[in-house]
Amino acid sequence: MSRKRQKVDPLAAMAASNPVSVVALAAEIGEPEMVAAQARALELGRIPSQPIPPGDRFAVEPARSRGVTFGLTFGFAAVFVFTALLLGSSLGGSGAGHPEFAAAAIRVAEANPRLLLTDPDWKIVRADEFEPDEGELVFSNGENHFDMHWYPASLYGVYLHDRAEVSTSERGELLGQSATTVEYSPEEYATMLAPQGNVFIELRGRLGSRSAYEEILHSLQPVDVGTWLGAMPAATVRPQDRSPEVDRMLRGIPLPPGFDPAVLQSESSISDRSSLAVKVGNAVACGWVSSWIAARRSGDEPGAERAIEAIAGAPDWPIVLETKSPWFSNYATVVRQLRAGRLDRGPAGYEVREDGRTFGVGPAWKLALGCGGTWHREVDGLPEGGP
Amino acid sequence: MPPTDDQTRGRTGLDHRFEICFRDNYAAVLAFTVRRLPDRATAEDAASETFAVAWRRREFIPEEPLPWLYGIALRVVANQRRSGRRRRRLGDRLEGEAGLWAPAPEPVDALHRRDAFGRLSEDEREVLRLVAWDGLDTREGASVLGCSTAAFRVRLHRARRKLAKHLEATGHSPDESPKRAPDPTEEAL
């Protein structure tokens, strides 16, 4: 007997097969489960799933493992014998003897590992976002870069596990510390030192070859507080200057409703002045776009217009005029979209990983303004016509 | 350096905001992950990871957090599936198979639907899940996928048409067809 076929409503078919009802699930979750689940989320939340690369601190999904394996022999031998990493706790200094630096800067210096490259061609070109247990330095010889990051010691195991997915790990010794090296590519390597005190250090360089990497790696030397602070580039905003500097940067800029500069003003950080200016500008611009979204949703057309005009005035903001950072040109793109009433929430670009997986990165407007809440989303492939 | 009073107040406010977000939305997020992952334990892990990300970014929790949380959860689920595939390196199950319909009690014609559903691309399946299972409208679904509402509507229309075609090809019986579900695209189309 032939069966009569009908036009099926697929949404109804799917809805009827919904595996779980939220109402039923909510009724099933008791208070102890809820408390435990929240505690678990908070515990996980304090551990980054992946170290966030510089310049991408807000990425929701930083690059995952490259899936590259290689069979290096254990050839990473210790070259230096180092007495200590000279962490703050081991120094025991109070800053006395360094009258040229304010106490806040000395406290940051003492709390951080103070290693510098001894090769005179290599200078610090970027010193950003130092916290007592986290920070980054970028060295350059004018041609290549060498990065040094440090993170809370409590995260060492998490990072070690994560790096084990990059490539086979080689264990060795550096500066008297146990060191683990992985290969991102034949031109790029990273080395993690075992925790000392409150932090552990990760070094990373794309210097063209393993031997070039090791040469620079082995030129690291511990220095005292004065030498370390003195090596910071002139554009560094020191801790004691940060809050007034943020206030100064905000002058002459219309602030969105509810804007709170407190996070920007964290006094325990050392920042690059230019990146701090961009961060300040982004915080304001992101706040205005959020304000525009809220105004549109509530039908507040004057509010939406105020938001557009505020960002549209960015070329005249003092920090934009002062830094002349090309980053700020992104604002004009977003302003055009706001004026057209169509904010681009799609991917701003595509990233093809070494294993062939393709990720869309977005939403476009947040990347354009450096806002938080961006995503990497795996897609089937690059769109037709290329990214 | 200890935080200033203003910083402390700001932090406390953010923590409170997160707690409200968690309590209001945990069940929905857990349901979201249960619908997409093969077992409850994995789904609970994914829900925890979703809120872990939300906690890290609690200053960005929007007024209507659920689509935002779903957007995070979608990525977490994708990671869980990839991890699952790595664990099942020698496994013989198809990618994501268990997460398509299980562990729900299946209606009479579920096998037909599973087969039809499995013939769609993952993107198409996700659009349908967001609407039919998670109850999102096109605007919310678009925000989860990070596309425009118009693009989402087009994707939904195509996915729906393809699924209907596959269901018809499997000889779906009129008697087994449930009542028509609300269609979030109807107002706009």
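Residues numbered from 1 in each chain as written. Chains lettered and ligands numbered in written order. Predicted model: local features only at pLDDT ≥ 70, side-chain atom pairs only at ≥ 80, totals over all residues. Heavy atoms only, no water.

**A look at the overall build of chain A**
Secondary structure assignment for chain A yields 14 helices and 14 strands. Relative to its 387 residues, chain A shows a buried fraction of 51%. Look at the contacts in chain A between residues 6 or more apart in sequence, and 59% of them connect residues 24 or more apart. For chain A, the accessible area works out to roughly 17,300 Å², and carbon and sulfur atoms hold 54% of it. (Helix = DSSP H or I, 4+ residues; strand = E, 2+ residues; numbered from the N terminus. Buried < 20%, exposed > 50% of the residue type's maximum accessible area, 1.4 Å probe, protein only. Contact = heavy atoms within 4.5 Å. Areas by Shrake-Rupley, 256 points an atom, 1.4 Å probe, with all protein chains shown as cover.)

**What about the nonpolar core?**
All names here are of chain A. Within the largest apolar cluster, 38 residues are counted, with the highest numbers of intra-cluster contacts made by V289, I319 and L369. Mapped by element, the contributors of at least two residues to this core are α9 (239–250), α10 (273–298), α11 (301–312), α12 (318–323), α13 (329–340) and α14 (364–369). Tallying contributions element by element places α10 first for this core, with 12 residues. Shared between two domains, this core takes at least three residues from each, and those domains are domain 1 (5–82 + 346–379) and domain 3 (237–339). Ignoring any residue separated from it by four or fewer positions in sequence, one finds V289 in contact with I311, V334, L338, L343, W365 and L369. V108, L193, L207 and I270 belong to the second-largest nonpolar core, a separate cluster that totals 34 residues. (Core = buried A, V, L, I, M, F, W, Y, C linked by side-chain atoms within 4.5 Å. Domains from an automatic or database assignment.)

**Considering a positive patch on the surface**
All names here are of chain B. Where like charges cluster on the molecular surface, the positive patch consists of R119, R158, R161 and K165. Mapped onto the secondary structure, R161 falls in helix α8 (residues 149–169). Given a relative accessible area of 53%, R161 falls into the exposed group. (Patch = residues over 30% accessible without salt bridge, like charges linked within 9 Å, V, L, I, M, F, W, Y side chains within 5 Å. Salt bridge = Lys/Arg side-chain N within 4 Å of Asp/Glu carboxyl O. Lys, Arg positive; Asp, Glu negative; His and termini not counted. Charge placed at Lys NZ, Arg CZ, Asp CG, Glu CD.)

**Let's talk about the confidence of the model for chain B**
All names here are of chain B. Within chain B, residue pLDDT values average 68, and 64% of them lie at 70 or more. In the model, residues 1–11 has pLDDT below 50 throughout and makes 10 contacts with residues more than four positions away in sequence or in other chains. Contacts for the low-pLDDT stretch residues 85–112, under 50 throughout, to residues beyond four places or in other chains number 43 contacts. Here the complex is predicted with pTM 0.41, and the ipTM for its interfaces comes to 0.72. (pLDDT = per-residue confidence, 0-100.)

**Topic: helix α6 (residues 122–133) of chain B**
All names here are of chain B. Within α6, 10 of the 12 residues are buried, leaving the element largely enclosed by the surrounding structure. Residues of α6 that are buried: E124, R125, E126, V127, L128, R129, L130, V131, A132 and W133. Following α6 by one or two positions, G135 has its phi on the positive side, about 70°.

**Things to note about the state of the cysteines**
Residue and element names in this part refer to chain A. A complete count under the given rule lists one disulfide over all chains for this structure. Sulfur-sulfur distance for the disulfide between C286 and C371 comes to 2.0 Å. Its torsion about the S-S bond being -100°, the disulfide of C286 and C371 is classed as left-handed. Of this pair, C286 sits in helix α10 while C371 sits in the loop between α14 and β14 (375–379), and the two are 85 residues apart along the sequence. There is no split in this pair, since C286 and C371 are both buried. (Disulfide = S-S within 2.5 Å.)

**Re the side chain of T42 of chain B**
Note that T42 of chain B resides in helix α2 (residues 40–56). The contact partners of T42 of chain B, leaving out residues within four places of it in the chain, are L37 and Q80 of chain B.

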